[in-house]
Structures are given as C-alpha cells and as structure tokens.
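# Breakdown of the fold
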Amino acid sequence: MALEWEQIIVDSADPVALGRWWAEALGWVVVDETEEIVEIRPEPDRMPGLLFVPVPEGKASKNRLHPDFRPDDQEAEVARLLSLGARRADTVQGEQHWVTLLDPEGNEFCVLGERKS
C-alpha cells in the first residue's frame, strides 16, 4: 500500500480570500472554487495542494504546523509578501536566519535565509 500526499486542509474564516491570497503568494493556480472553498496547487495536475475550508471559530493560538519557504532572495521575498498583505509576527527574531510572517488570517509561516553549506 502506498500513500499519495494530496493536500493540506487550511481552516479559515474567509476561505476564498485566503486561498486566493496564498495562490498569489506561491504563484500557484486555483483548481477548484465555490462560495465556501478554494483549492490551489502548484500546477493543475500537480500535488500536493492546499484546500481552504470555512470554520466558525477564529484562530486562537500559535499554529501547530506551519510552512517554511526558502527563496533565492529572502529580503526581496519578505518585502513582496508584506506588500501582498502579510504581517511580521511579534516574535523576537534576533540572530535567526528566518523571518516569521503571518498571512491575512494570522497563520504563521517562515521565510528562510540562504542555506548554510
């Protein structure tokens, strides 16, 4: 028996808006959208994807799971994501080689610096 990773479900107050935001942030495509859900993928036939679904409650604490991204240029990517509506997290970053950001609904994700050899 083999498992294929199809998608991660993201609970959201506004799945359509958040799904579209992540599609733009990642350069992915929307493969399914209704009034209540949005599914995005790197390409229409490529998985895994992200499926944004509605939940009545808001985010209450730190994510138990969050994505890390390693761009070619951390500073430029952080600036681009901030211009799209991300916010800097209120965490002490000090000498860390990553920047913690929040998406429009407050979900944490990190933008990593250059890989150390």
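Because the structure is a prediction, the values reported are computed rather than measured.

## Topic: the sheet that holds strand 4 (residues 49–54)
Read from one edge of the open sheet, four strands run 1-4-3-2, paired in mixed fashion. Two strands bound the open sheet, and with one partner strand each, they are strand 1 (7–12) and strand 2 (29–33). For this sheet, the mean angle separating the axes of adjacent strands, direction not counted, is 25 degrees. With six bridges joining them, strand 1 and strand 4 adopt parallel strand pairing.

## Digging into the environment of Met 47
Examined against the element boundaries, Met 47 turns out to sit in the loop between strand 3 (38–41) and strand 4. Sequence separation between Met 47 and Glu 6 is 41 residues; the distance between their C-alpha atoms is 5.6 Å. When neighbours within four sequence positions are excluded, Met 47 is seen to be in contact with Glu 4, Trp 5, Glu 6 and Arg 41.

## Some words on unusual backbone geometry
Note on backbone geometry: most residues besides glycine have negative phi, and most peptide bonds are trans. Each neighbour pair has its own omega, and for Met 47 with Pro 48 the value is 10 degrees, a cis peptide bond. Within the secondary structure, Pro 48 is located in the loop between strand 3 and strand 4.

## Some details on the side chain of Asp 103
Tracing the sequence through the fold places Asp 103 in the loop between strand 7 (98–102) and strand 8 (108–112). At 6.2 Å, Arg 87 is the nearest oppositely charged side chain to Asp 103, a buried residue that forms no salt bridge. Polar contacts involving the side chain of Asp 103 include one to the main-chain amide nitrogen of Glu 105, which spans 2.8 Å. Among all residues touching Asp 103, those that are not within four sequence positions of it are Leu 18, Trp 21, Trp 22, Arg 87 and Phe 109.

## Here's the deal with helix 2 (residues 74–84)
Each turn of an α-helix holds 3.6 residues, which means side chains three or four residues apart point in the same direction. Among all positions of helix 2, only Glu 77, Val 78 and Leu 81 are buried. Down the axis of helix 2, the smallest arc covering the buried residues is 100 degrees, so these residues share one side. Counted as exposed and oriented over 90 degrees from the buried face of helix 2: Glu 75 and Ser 83. The inward-facing, buried residues of helix 2 contact helix 1 (15–26), strand 6 (87–88), strand 7 and strand 8.

## Some thoughts on the pairing of strand 4
Counting buried residues in strand 4 gives five out of six residues, a clear majority hidden from the surface. The pairing of strand 3 with strand 4 spans three bridges and is classified as antiparallel. Counterpart to Ile 40 in the pairing with strand 4 is Leu 50.

## Some words on the sheet that holds strand 7
In space, the four strands of this open sheet follow the order 5-8-7-6, with mixed pairing throughout. Looking at which strands have only one partner, the edges of the open sheet turn out to be strand 5 (68–69) and strand 6. By the bridge criterion, five bridges tie strand 7 to strand 8 in an arrangement that is antiparallel. Looking across to strand 8, one finds that Trp 98 is bridged to Leu 112.

## Things to note about the side chain of Asn 107
Mapped onto the elements, Asn 107 comes out in the loop between strand 7 and strand 8. With sequence-adjacent residues up to four places away left out, Asn 107 is seen in contact with Leu 18, Lys 59, Asn 63, Leu 101 and Leu 102.

Conventions used here
Residues numbered from 1 in each chain as written. Predicted model: local features only at pLDDT ≥ 70, side-chain atom pairs only at ≥ 80, totals over all residues. Heavy atoms only, no water. Pairing = 2+ DSSP bridges. Helix = DSSP H or I, 4+ residues; strand = E, 2+ residues; numbered from the N terminus. Axes fitted to C-alpha atoms, helices over the stretch in contact; angles between N-to-C directions. Contact = heavy atoms within 4.5 Å. Buried < 20%, exposed > 50% of the residue type's maximum accessible area, 1.4 Å probe, protein only. Lys, Arg positive; Asp, Glu negative; His and termini not counted. Salt bridge = Lys/Arg side-chain N within 4 Å of Asp/Glu carboxyl O. Polar contact = N/O pair within 3.5 Å; in protein donor to acceptor, adjacent residues only side chain to side chain. Arc of directions from axis to C-beta.

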